[in-house]
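Inside the fold
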Amino acid sequence: MEFFKLYIKQEIATGIVILVVIILRLLIAKIVRRFARVSEIIEHRTNLVIKYFNILIGIIALIVLFVIWGVKPQNIILVVSSIFAVIGVAMFAQWSILSNVTSGIILFFSAPFKIGDFIKIHDKDFPIEAEVEDIRGFHTYLRTKEGELITYPNSLLLQRGISVSKYASENKEFFD
């Protein structure tokens, strides 16, 4: 009983943070689902973006709870920087992963093309003309006219010029 009296402020603040996290998760899910419905975006892409936002909210809430319970900001920064150092050493492609996830979120909200669209990627060395089969968090699946399945990183889709059409076009030579 002494514990509850001694830390009443922290307990109330923790309850408020938990309540805010629940409300934010529900609100963001509702907003993203409404955006997806209006933009005619497939359900699993919507769930993926909601999952990313939930992870971000969880991390922020955890940091806030650490501060509420008296962990010094310097210690939080030390732990976070240590985690990033370990991830950087353990996973050399960390930047690539982060850029692909970020690109996946940008593709979700900007929706320059949809599943079923035929796109032409204007790449000087490796031009691709294919149908968008699926758009995931890290990469997009493209199906060529020959039936070849190409896994294309989302970050490259934002870096390359893309032509979008609803139907497959004729085989035309692309010159850069």
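This report concerns the structure included in the present document. (Residues numbered from 1 in each chain as written. Predicted model: local features only at pLDDT ≥ 70, side-chain atom pairs only at ≥ 80, totals over all residues. Heavy atoms only, no water.)

1. Concerning the pattern of salt bridges
This structure, assessed with the given rule, holds four salt bridges. One salt bridge in this structure joins D134 and R136, with 2.6 Å as the shortest N-O distance. Taking relative accessible area as the criterion, R136 reaches 40% and is therefore assigned partly exposed. (Salt bridge = Lys/Arg side-chain N within 4 Å of Asp/Glu carboxyl O. Buried < 20%, exposed > 50% of the residue type's maximum accessible area, 1.4 Å probe, protein only.)

2. Side note on the packing of helix α2 (residues 8-39) against helix α3 (residues 43-68)
Two numbers describe how α2 lies on α3: the axes approach to 10 Å, and their chain directions differ by 165 degrees. With respect to α3, the axis of α2 lies roughly antiparallel. Taken as a pair, α2 and α3 cross one another with a handedness that is right-handed. Contacts between α2 and α3 involve Q10, A13, T14, V17, V21, L24, R25, I28, A29, V32, R33 and A36 on the former and, on the latter, E43, T46, N47, V49, I50, F53, N54, I57, A61, V64, L65 and I68. Across the contact of α2 with α3, the residue classes break down as 16 nonpolar, five polar and three charged. (Axes fitted to C-alpha atoms, helices over the stretch in contact; angles between N-to-C directions. Helix = DSSP H or I, 4+ residues; strand = E, 2+ residues; numbered from the N terminus. Parallel < 35°, antiparallel > 145°, perpendicular 65-115°, else oblique. Left-handed = near helix turned anticlockwise from the far one by under 90°. Contact = heavy atoms within 4.5 Å. Nonpolar A, V, L, I, M, F, W, Y, C, P; charged D, E, K, R; others polar.)

3. Let's talk about the side chain of T140
Checked against the element boundaries, T140 lands in strand β3 (residues 139-144). On the accessibility criterion, T140 (0% relative accessible area) is buried. Polar side-chain contacts of T140 include one of 2.7 Å to the side chain of N154. Those residues in contact with T140 that sit more than four places away from it in its chain are L107, V132, D134, I135, I150, T151, Y152, N154 and L157. (Polar contact = N/O pair within 3.5 Å; in protein donor to acceptor, adjacent residues only side chain to side chain.)

4. Things to note about the environment of I63
Mapped onto the elements of the fold, I63 is located in helix α3. Residue I63 is classed as partly exposed on the basis of its relative accessible area, which comes to 33%. Along the chain, I63 and I77 lie 14 residues apart, while their C-alpha atoms are 9.7 Å from each other.

5. Things to note about the sheet that holds strand β5 (residues 161-165)
Reading across from one edge, β4-β3-β2-β1-β5 is the order of the five strands in this open sheet, with antiparallel pairing throughout. If you trace the sheet from one side to the other, it starts and ends with β4 (149-153) and β5, each paired once. Across the sheet, the mean angle separating the axes of adjacent strands is 40 degrees when strand polarity is ignored. Note that strand β2 (residues 128-135) and β3 share five bridges and pair antiparallel. From the neighbouring strand, D134 faces β3, where its bridge partner is Y141. (Pairing = 2+ DSSP bridges.)

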